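# Architecture at a glance
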Amino acid sequence: MPPGFPFENFELEELILPSGDDMGIRSDDDDIKEEDIQTQSGFGSCLVIQNLPKAPEEKYEKLMTVVRTIASNMGDVRENGIYMPLDDATKLTKGFAFVELTRKEDVDAALLNERFANGYQLDKNHKLSFCRFDDFDKYAKVPYEYVPLEQVPYKQPENLHSWLADKLGRDQYVLRFGDNTVVCFNDGKRSRAEVAFQREYWTESFVQWSPQGTMLSTMHRQGMAVWGGPSFARLNRFAHPNVRLIDFSPNEKYILSYTSHEPVTARDSYTILINIWDVRSGKLLRKFEGPVDEYAVGSSAGPNGALKWPVFKWAGGRDDLYYARLGRGRISIFECPHMGLLGKESLKLDGVQDFEWSPSEPLLAAYSAEQGNQPARIVLIKLPERTEIRQKNMLNVSDVKLYWHPQGTYLAVKVEAWTKTKKSTTTSFQIFCVKDKDVPLEVFELKNNKERVLNFAWEPKGHRFAVVHGDGPRPSISFFTMRDEKSRLGVRELKLLDNRACNAISWSPQGRNIVLAGLKNFNGQLEFFNVDEMETMATAEHFMATDVEWDPTGRYVATIVSHVQQMENGVNVWSFAGRLLYSTQRDKLYQFSWRPRMPSLLPPEKEAEIAKNLKQYSKRYDEEDEQLIMQADADVLHERQRALDDWKVYVESRRDYAALQLDFKRELYRHRFAEKEFRIEKVLVEQVVDVKEEPYNTK
């Protein structure tokens with residue numbers, strides 16, 4: 001008989017797994033060590049203010065008034081929550097005071113505030129310092145004898161850039177549908193997607209790639225987490241309850257998290273909380289908290305007083321040096337890594353309504369609206385010197401929109417100005433040539449400057465831009481260039497495409513190609529256009545498409561029907577020339593996002609040389625790609641054969657057990673064992689028992 005039968009002789013210990021056996025299922029919390037829980041003394045909301053003047057008894061109340069003023073800037077102080085001891089012998093204050101706030105969070109915020117974190121200059125002789133009351137007890141418990149820390153063996157981390165080493169040079173994208181999140185390789189050459197990683201209930205709201213694609217972030221009620229490597233292991237967690245939005249710095253050193261709190265009473269207002277974290281260490285570096293009205297200013301204010309994200313904008317470049325936010329009549333610029341206000345004061349600009357950083361350097365463009373006799377103004381400011389390198393005054397301005405070139409070479413300012421009657425507006429473009437000497441300015445208007453401008457987009461690599469304009473249901477698309485064939489500066493129209501079913505334009509990341517898309521109400525009309533040759537490569541349709549996204553290399557483009565549409569949710573992947581490669585249908589498709597790539601390390605001259613000799617490179621790499629695909633197919637066949645061989649070995653290893661089971665069944669069923677398999681069917685048979693006919697009287 002098989003072991004474990006009959007049940008009355010069954011031993012439970014036979015089912016207990018050996019120590020350390022997890023059945024191959026790894027827990028997310030396996031890598032979390034038990035933390036030593038430090039109990040608090042109950043004084044978590046208490047602060048100690050040190051280095052106060054030692055004042056005589058007659059000046060006690062005057063000094064107490066100063067302490068109350070300082071404490072009120074930290075938060076709400078409890079009743080009788082300030083105590084400043086007096087020396088009985090000298091009748092002088094002892095140089096410190098205790099402050100108890102109503103909330104522990106106010107203490108944390110005060111110690112992170114640059115006004116108090118680096119010392120508060122009371123006068124030229126007294127610079128106040130602040131600490132928690134609990135710190136005295138904590139440091140008093142430090143042992144006098146040094147105890148060496150236990151050395152943790154080094155564990156080789158996973159390669160966070162492993163996907164870039166894919167032999168076939170494939171890019172990845174993430175799909176979020178239903179309760180599932182799937183990361184796939186886009187295998188365009190074989191017209192299919194290959195699943196790289198998938199997980200159910202991975203996030204509670206959305207996922208977001210970091211700017212260079214190193215990490216994938218997920219949102220949870222407790223906060224957010226970042227994941228990376230081939231197995232998407234958790235790299236770090238950040239505790240921010242009910243987090244709603246996040247934003248990475250360009251070089252992925254820092255991450256901002258945002259949440260809002262509804263008012264408790266009618267007298268209260270909406271408040272927001274923004275935390276800034278160090279991505280690698282998980283340390284909270286700075287927090288901003290306050291009423292939403294304080295942050296919803298100018299372009300940061302949405303309809304009905306709502307807040308537009310991002311509130312803070314990161315400076316361009318690869319160093320993550322600055323971030324800034326808009327205020328009333330000022331721009332507050334903060335410096336990394338200490339997160340303090342640059343120069344200890346905000347940049348004052350009267351009537352400032354919007355600003356944008358250059359993508360390539362710490363150069364800031366700001367727009368100030370007209371105020372009284374002061375004209376509207378566009379100004380370019382270089383940081384950290386705060387030097388104005390160019391400005392432009394404008395009159396009768398209705399609205400302004402700033403468009404930086406992705407390489408930071410140009411700044412386009414779309415200006416809508418009132419006519420003399422104030423009943424209509426005209427549209428013009430002021431283009432600052434930032435990389436040229438003295439920052440020359442080019443001004444141009446459309447042939448019909450009263451037409452509505454629906455969209456504007458720079459070519460990511462190059463000097464061209466596209467404008468969607470028109471008042472009818474089928475607008476026009478105009479292409480312009482900033483340079484002629486001899487690289488001389490000047491705006492010149494290249495092509496006008498009239499009467500197109502288009503409400504969105506999407507340039508390839510490498511330039512040259514563009515998709516003219518009619519999304520949503522235009523039923524997903526697509527036109528794949530080559531701007532070099534000024535010709536349409538293909539037209540297609542993805543019915544009810546809501547989004548268009550290029551992959552980072554510009555080889556493939558995806559059109560998406562998201563959950564905004566109730567039917568036909570899915571993704572179509574096309575070649576850059578408009579050939580449909582494959583479709584993926586997913587119900588309740590919430591999100592699609594290509595995985596970004598790191599910026600190229602090649603200098604512009606080398607990229608230009610490659611583009612010039614692309615046919616020579618293509619021939620060589622096409623042959624290599626074909627060999628890699630054949631090798632990949634051979635690897636798949638080899639893997640299948642290996643799995644088949646493993647199965648055969650397993651079957652052979654269980655042959656004796658199967659024979660034992662067969663003998664047991666033969667003994668159990670005895671003579672019925674030889675019976676062939678049978679099935680029971682229910683058959684319904686109708687039988688007439690009797691028939692009798694009688695006349696029917698209707699009366």
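Residues numbered from 1 in each chain as written. Predicted model: local features only at pLDDT ≥ 70, side-chain atom pairs only at ≥ 80, totals over all residues. Heavy atoms only, no water.

### Let's talk about the overall build of the protein
Counting secondary structure elements, the protein contains eight helices and 42 strands. Expected size for 699 residues packed as a compact globule is a radius of gyration near 27 Å; at 35 Å, the protein overshoots this value by more than 25%. Expressed as lengths along the three principal axes of its C-alpha atoms, the size of the protein is roughly 115 × 90 × 85 Å. Sorting the 699 residues of the protein into buried and exposed places 40% on the buried side. In the protein, the proportion of contacts linking residues at least 24 apart, taken out of those at least 6 apart, comes to 46%. Each charge sign in the protein was given a centre, from 94 positive and 105 negative side chains, and these centres are 6 Å apart. (Helix = DSSP H or I, 4+ residues; strand = E, 2+ residues; numbered from the N terminus. Rg over C-alpha atoms; globule rule 2.2 N^0.38 Å. Buried < 20%, exposed > 50% of the residue type's maximum accessible area, 1.4 Å probe, protein only. Contact = heavy atoms within 4.5 Å. Lys, Arg positive; Asp, Glu negative; His and termini not counted. Charge placed at Lys NZ, Arg CZ, Asp CG, Glu CD.)

### Considering empty space enclosed by the protein
Applying the stated criterion across every chain yields a total of one cavity of 30 Å³ or more. Along its surface, the largest cavity is lined by Leu168, Gly169, Arg170, Asp171, Asn186, Asp187, Gly188, Lys189, Arg555 and Tyr556. For the lining of the largest cavity, a count of residues per class yields two nonpolar, three polar and five charged. (1 Å grid on protein atoms, 1.4 Å probe; cavity = no way out; pocket = protein on both sides within 12 Å on 5 of 7 lines; lining within 4 Å. Points joined across faces, edges and corners; volume = space filled by probe spheres on them. Nonpolar A, V, L, I, M, F, W, Y, C, P; charged D, E, K, R; others polar.)

### Looking at helix α8 (residues 655-669)
An ideal rise of 1.5 Å per residue puts 21 Å on 15 residues; α8 measures up with 21 Å between its terminal C-alpha atoms. Trailing α8 by a residue or two, Arg670 shows a phi angle of about 50°, which is positive. (Expected span 1.5 Å × (residues − 1).)

### Points about the confidence of the model for the protein
Detail in the predicted coordinates should be disregarded across regions flagged by low pLDDT. When pLDDT is averaged along the protein, the result is 87; 93% of the residues meet or exceed 70. Here residues 1-7 is a poorly scored stretch, pLDDT under 50, and it has nine contacts once near neighbours within four places are set aside; other chains count. (pLDDT = per-residue confidence, 0-100.)

### Some remarks on the sheet that holds strand β36 (residues 525-530)
Judged by pairing direction, the sheet is antiparallel, and its four strands sit side by side in the order β34-β35-β36-β37 without closing on themselves. Single-partner strands in this sheet number two, and they are β34 (504-507) and β37 (535-541). Averaged over all neighbouring strand pairs, the angle between strand axes comes to 20°, with direction disregarded. Looking at chain direction, β34 and strand β35 (residues 513-518) are connected through four bridges and run antiparallel. Within β35, the residue paired with Ala504 across the bridge is Ala517. (Pairing = 2+ DSSP bridges. Axes fitted to C-alpha atoms, helices over the stretch in contact; angles between N-to-C directions.)

### So, the pairing of strand β25 (residues 387-394)
Bridge analysis of strand β24 (residues 376-382) against β25 gives seven bridges, and the strand direction is antiparallel. When the bridges of β25 are listed, Ile381 appears paired with Glu388.

### Focus on a nonpolar patch on the surface
On the surface, Leu644, Trp647, Tyr650 and Val651 cluster together into a nonpolar patch covering about 400 Å² of accessible area. Turning to its location among the elements, Leu644 is positioned in helix α7 (residues 614-653). (Patch = residues over 30% accessible without salt bridge, like charges linked within 9 Å, V, L, I, M, F, W, Y side chains within 5 Å. Areas by Shrake-Rupley, 256 points an atom, 1.4 Å probe, with all protein chains shown as cover. Salt bridge = Lys/Arg side-chain N within 4 Å of Asp/Glu carboxyl O.)

### Concerning the state of the cysteines
As used in these notes, a disulfide is a covalent bond between sulfur atoms, one from each of two cysteines. With the rule as written, the count across this model stands at zero disulfides. In this structure Cys131 is not part of a disulfide, and its nearest cysteine sulfur, from Cys46, lies 11 Å away. (Disulfide = S-S within 2.5 Å.)

### Re the pattern of salt bridges
Overall, the coordinates contain 38 salt bridges when judged by the stated rule. Bridged by salt links that share partners, the residues Asp166, Arg170, Asp187, Arg190, Arg192 and Glu194 form one connected network.

### Description of the nonpolar core
Ile49, Leu52, Val67, Met74, Met84, Val99 and Phe130 are the most contacted members of the largest nonpolar core, which has 21 residues in total. Those elements that provide at least two residues to this core are β1 (46-50), α1 (60-72), β3 (96-101), α2 (104-112) and β5 (126-132). Per element, the largest residue contribution to this core is six residues, and it comes from α1. In this structure, Val99 is in contact with Ser45, Cys46, Leu47, Ile49, Val67, Ala71, Gly81 and Ile82, ignoring residues within four places of it in sequence. (Core = buried A, V, L, I, M, F, W, Y, C linked by side-chain atoms within 4.5 Å.)

### Topic: the sheet that holds strand β23 (residues 363-368)
In spatial order, the strands read β22-β23-β24-β25; together these four strands make up an open sheet with antiparallel pairing. The open sheet has two free edges, formed respectively by β22 (352-357) and β25, since each of these has just one partner strand. Neighbour-to-neighbour, the strand axes of the sheet open up by a mean angle of 15°, direction not taken into account.

### Some details on unusual backbone geometry
Of the consecutive residues Trp309 and Pro310, the connecting peptide bond is found in the cis state with omega at 5°. Within the secondary structure layout, Pro310 lies in the loop between α5 (292-295) and β17 (312-314). Notably, Lys422 is not glycine yet its phi reads approximately 65°, a positive angle. Relative to the helices and strands, Lys422 resides in the loop between β27 (410-418) and β28 (425-433). Owing to a relative accessible area of 46%, Lys422 belongs among the partly exposed residues under this scheme. The backbone of Lys588 shows a phi angle near 50°, a positive value even though the residue is not glycine. One can find Lys588 in the loop between β41 (580-585) and β42 (589-594). With relative accessibility at 54%, the residue Lys588 sits in the exposed group.

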